[in-house]
Amino acid sequence: MTWRNLRRKRIAEAEKLGFKKIMVSKYAVKGLDLKKFKIQILQVSKLEAMYQLIF
C-alpha cells in the first residue's frame, strides 16, 4: 500500500466514523483530490496553527 493510499484510507475511515472535520498536515494532502471527501479537511502546516484552530 502506498503512502497516498494510506492517507486516503485514513481520511475515508474518519468520514465513515462520523467525524465532521479532520486536521491533517498540509504536506500530507499533496496529490490527493480533497473534493472526493464529504468531511471537512483542515490543513495545517505548524502545530501552532493547529492549536489556534482548536482553542
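Asker: What am I meant to see in the pattern of salt bridges here?
Answerer: Pairing is possible between side chains that carry opposite charge, provided their charged atoms lie close to one another. Under the criterion given, the structure shown has one salt bridge. The partner of Arg10 in a salt bridge is Glu13, and the shortest N-O contact between them spans 2.9 Å. Highlighted residues: Arg10 and Glu13, both in helix H1 (residues 3-16), separated by three residues, approximately one helical turn.

Asker: Explain a nonpolar patch on the surface to me, please; I cannot follow it from the model alone.
Answerer: A cluster of nonpolar side chains, namely Met23, Leu47, Tyr51, Leu53, Ile54 and Phe55, defines an oily patch on the protein surface of about 670 Å² accessible area. The element best represented in the nonpolar patch is helix H2 (residues 47-54), accounting for four residues. Relative to the helices and strands, Leu47 resides in helix H2. Overall, Leu47 belongs to the exposed group, its relative accessible area being 54%.

Asker: Looking at this structure, how should I read the environment of Lys46?
Answerer: Relative to the helices and strands, Lys46 is located in the loop between strand E2 (40-44) and H2. Residue Lys46 is classed as exposed on the basis of its relative accessible area, which comes to 55%. For the pair formed by Lys46 and Ser25, sequence separation is 21 residues and the distance between their alpha carbons is 8.0 Å.

Asker: What is the right way to read the confidence of the model for the chain from this model?
Answerer: Regions with low pLDDT should not have their predicted coordinates read in detail. The pLDDT averaged across the chain works out to 89; a share of 98% of its residues lies at or above 70. Within the chain, H2 has the poorest average pLDDT of any element, 87, and E2 the best, 93.

Asker: Which parts of the structure should I look at to understand the nonpolar core?
Answerer: Where a protein is soluble and globular, its nonpolar side chains tend to be buried together. In this structure, Ile11, Ala14, Ile22, Val24, Val29, Leu32, Phe37, Ile39 and Ile41 together form the largest nonpolar core, which totals nine residues. Those residues in contact with Val24, other than ones at most four positions away along the chain, are Val29, Ile41, Leu42, Gln43 and Val44.

Asker: I tried to follow the pairing of strand E1 (residues 21-25) on my own but got confused; where do I start?
Answerer: When a strand is regular, its side chains alternate between the sheet's two faces. Covered by surrounding structure in E1 are Ile22 and Val24 only, the residues Lys21, Met23 and Ser25 on the alternate face being uncovered. Alignment of E1 against E2, held across five bridges, turns out to be parallel. The residue of E2 that forms the bridge with Ile22 is Ile41.

The rules behind the values
- Residues numbered from 1 in each chain as written.
- Predicted model: local features only at pLDDT ≥ 70, side-chain atom pairs only at ≥ 80, totals over all residues.
- Heavy atoms only, no water.
- Salt bridge = Lys/Arg side-chain N within 4 Å of Asp/Glu carboxyl O.
- Helix = DSSP H or I, 4+ residues; strand = E, 2+ residues; numbered from the N terminus.
- Patch = residues over 30% accessible without salt bridge, like charges linked within 9 Å, V, L, I, M, F, W, Y side chains within 5 Å.
- Areas by Shrake-Rupley, 256 points an atom, 1.4 Å probe, with all protein chains shown as cover.
- Buried < 20%, exposed > 50% of the residue type's maximum accessible area, 1.4 Å probe, protein only.
- pLDDT = per-residue confidence, 0-100.
- Core = buried A, V, L, I, M, F, W, Y, C linked by side-chain atoms within 4.5 Å.
- Contact = heavy atoms within 4.5 Å.
- Pairing = 2+ DSSP bridges.

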